[in-house]
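Single-letter residue listing:
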Amino acid sequence: MKIEVCGPGCKRCHTTLKNVQEAVKELNLNAEIEYITDMKQMMDKGVMFTPAVIIDGVIKSSGKVPTVAEIKKWLS
């Protein structure tokens, strides 16, 4: 499983990354987590608002900070 967190490096983006890491840890998943800060890469993936969470190529969240519980639902 590949999880990408997209954002320019703001506090909201770091919180999203932390929440993703926590959800993966709580579910004891083996997932590759990548933090993308390059705007061109984000646009190529279809991200228009940050922070964004992409799981296996599918945008699950964009423009808001998802909770650990929300992320766990997406991963289950």
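Residues numbered from 1 in each chain as written. Predicted model: local features only at pLDDT ≥ 70, side-chain atom pairs only at ≥ 80, totals over all residues. Heavy atoms only, no water.

Undergrad: How should the overall build of the protein be read in this particular structure?
TA: If you tally the helices and strands in the protein, you get three helices and four strands. Relative to the globule expectation of 11 Å for 76 residues, the C-alpha radius of gyration of the protein, 11 Å, shows essentially globular dimensions. Taken along its principal axes, the extent of the C-alpha atoms in the protein is 30 × 25 × 15 Å. Long-range contacts, defined here as pairs at least 24 residues apart, represent 63% of the contacts in the protein between residues at least 6 apart. When the accessible surface of the protein is summed, it comes to about 4500 Å², and 53% of that surface belongs to carbon and sulfur atoms. (Helix = DSSP H or I, 4+ residues; strand = E, 2+ residues; numbered from the N terminus. Rg over C-alpha atoms; globule rule 2.2 N^0.38 Å. Contact = heavy atoms within 4.5 Å. Areas by Shrake-Rupley, 256 points an atom, 1.4 Å probe, with all protein chains shown as cover.)

Undergrad: What is the right way to look at the sheet that holds strand 1 (residues 2-6) in this model?
TA: Picture the strands of a sheet paired through backbone hydrogen bonds; they go either parallel or antiparallel. One open sheet accounts for four strands, arranged 2-1-3-4; its pairing is mixed. Looking at which strands have only one partner, the edges of the open sheet turn out to be strand 2 (32-36) and strand 4 (58-62). Adjacent strand axes in the sheet meet at a mean angle of 20°, parallel and antiparallel pairs treated alike. Sitting on the sheet, helix 3 (residues 68-75) touches strand 1, strand 3 (52-55) and strand 4, and the angle it makes with strand 3 is about 20°. (Pairing = 2+ DSSP bridges. Axes fitted to C-alpha atoms, helices over the stretch in contact; angles between N-to-C directions.)

Undergrad: Got a minute to help me understand the environment of Met-48 in this structure?
TA: Topologically, Met-48 is positioned in the loop between helix 2 (39-44) and strand 3. Take Met-48: its relative accessible area is 62%, and that puts it in the exposed class. In sequence terms Met-48 and Arg-12 are 36 residues apart; their C-alpha atoms lie 15 Å from each other. (Buried < 20%, exposed > 50% of the residue type's maximum accessible area, 1.4 Å probe, protein only.)

Undergrad: Explain the nonpolar core here, please?
TA: Inside soluble globular proteins, nonpolar side chains tend to come together where they are buried. One finds Ile-3, Val-5, Leu-17, Val-20, Ala-23, Val-24, Ala-31, Val-53, Ile-55, Val-68, Ile-71 and Leu-75 forming the largest nonpolar core, which totals twelve residues. Among the secondary structure elements, those contributing two or more residues to this core are strand 1, helix 1 (11-26), strand 3 and helix 3. Looking at this core, the element that brings in the most residues is helix 1, giving four residues. Ranked by size, the runner-up nonpolar core spans six residues in total, among them Ile-36, Val-47, Ala-52 and Ile-54. (Core = buried A, V, L, I, M, F, W, Y, C linked by side-chain atoms within 4.5 Å.)

Undergrad: Explain the pairing of strand 4 to me, please; I cannot follow it from the model alone.
TA: Within a regular strand, side chains alternate between the sheet's two faces. Strand direction decides the pairing type here: strand 3 and strand 4, joined by four bridges, are antiparallel. If you follow Ile-55 over to strand 4, its bridge partner there is Val-58.

Undergrad: Mind showing me how you'd approach helix 3 here?
TA: At 3.6 residues per turn, the α-helix brings residues three or four places apart onto the same side. Buried residues of helix 3: Val-68, Ile-71 and Leu-75, and no others. Seen from one end, helix 3 has its buried residues packed into an arc of 65°, which puts them on one side. Elements in contact with the buried residues of helix 3: strand 1, helix 1 and strand 3. (Arc of directions from axis to C-beta.)

Fair warning: the whole summary comes from geometry, so function is off the table for now.
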